[in-house]
Amino acid sequence: MVGPSRPSFVLFGSSIVQLSFSNGGWGAILSDIYARKADIITRGYYGWNSRRAVKILDQVFPKNDANQPSLVIVYFGGNDSMGPHPSGLGPHVPLQEYVENMRKIAVHLQNLSKEIRLIFLSCPPVNEVKISENQSPYLSELVRTNELCRLYSEACIDLCQELNINVIDLWTAIQKRDDWMNSCFTDGIHLSEEGSKVVVEEILKVLKEADWKPSLHWKSMPTEFSEDSPYDLVVSDGTKTVNASEWTFHRQIQWD
């Protein structure tokens, strides 16, 4: 454990979370945006579905832990939405069970603390052609369609509206981008840097608009050790120093 203590944002989900620090991923972007403001922590599990997630809730989010996260961003659904395998093996979870699993996740997290905030991400679309082209000979056929993704996305959104939880409709948001099928994915399923930018944009929009006290939007949060110092960079005339604590010019995108 290191100090000072900061708010923690936990990203909980399947491969879209596990890979969120790869290839300009959305977790890495959030970590940069929230530098010196909040710690971005990943609990991502490649290939997992909601059925596996509910089994480890108490281990990932212990109820009696003194330090609970300020925000949890949850994503499951892509693997659940895959077509069932004839053997009964594989990640497929029937739609109604998926909804109930997501409900269990939401209730568990809400019971951790009255201050905890939640954002759920719905199932994003897929590029079916690219999935087919990248099919591994070592795996059985991946039955992943955009229509199945839509059904699971809508089910997640409906549940969140019922529970009054903030939800991001990734299925719709990603498809608003030009050439989304090629630009937003690395393999037809997992997010490219461009796809991750969509996720970050939508998350920041929720955080800015949410009526939460305290606000978790990055511009409203204090920056750690941001006081002026004689050890900062000196201006050209040598009369004073410049505080660099809030500088963001290094970012290609100036996030709102």
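Residues numbered from 1 in each chain as written. Predicted model: local features only at pLDDT ≥ 70, side-chain atom pairs only at ≥ 80, totals over all residues. Heavy atoms only, no water.

1. Thoughts on the sheet that holds strand E2 (residues 39-44)
Across the sheet, which stays open at both edges, the five strands sit in the order E2-E1-E3-E4-E5 with parallel pairing between neighbours. Every interior strand has two partners, whereas the edge strands, E2 and strand E5 (166-168), have only one. Mean inter-strand twist for the sheet, computed between neighbouring axes without regard to direction, equals 20 degrees. Here strand E4 (residues 117-121) pairs with E5 via three bridges, running parallel. Directly across from leucine 121, in E5, lies its bridge partner isoleucine 168. Lying on the sheet, helix H2 (residues 26-33) is in contact with strand E1 (8-13), E2, strand E3 (71-75) and E4; it crosses E2 at an angle near 165 degrees. Packed onto the sheet, helix H5 (residues 95-110) meets E1, E3 and E4 and runs at close to 160 degrees relative to E4. (Pairing = 2+ DSSP bridges. Helix = DSSP H or I, 4+ residues; strand = E, 2+ residues; numbered from the N terminus. Axes fitted to C-alpha atoms, helices over the stretch in contact; angles between N-to-C directions. Contact = heavy atoms within 4.5 Å.)

2. What to know about the packing of aromatic side chains
For the structure shown, the criterion picks out seven aromatic pairs. Each member of the aromatic cluster is reached from another via a ring pair, and the members are Phe12, Phe61 and Phe76. (Phe/Tyr/Trp six-rings, centres within 6.5 Å; stacked < 30°, edge-to-face > 60°.)

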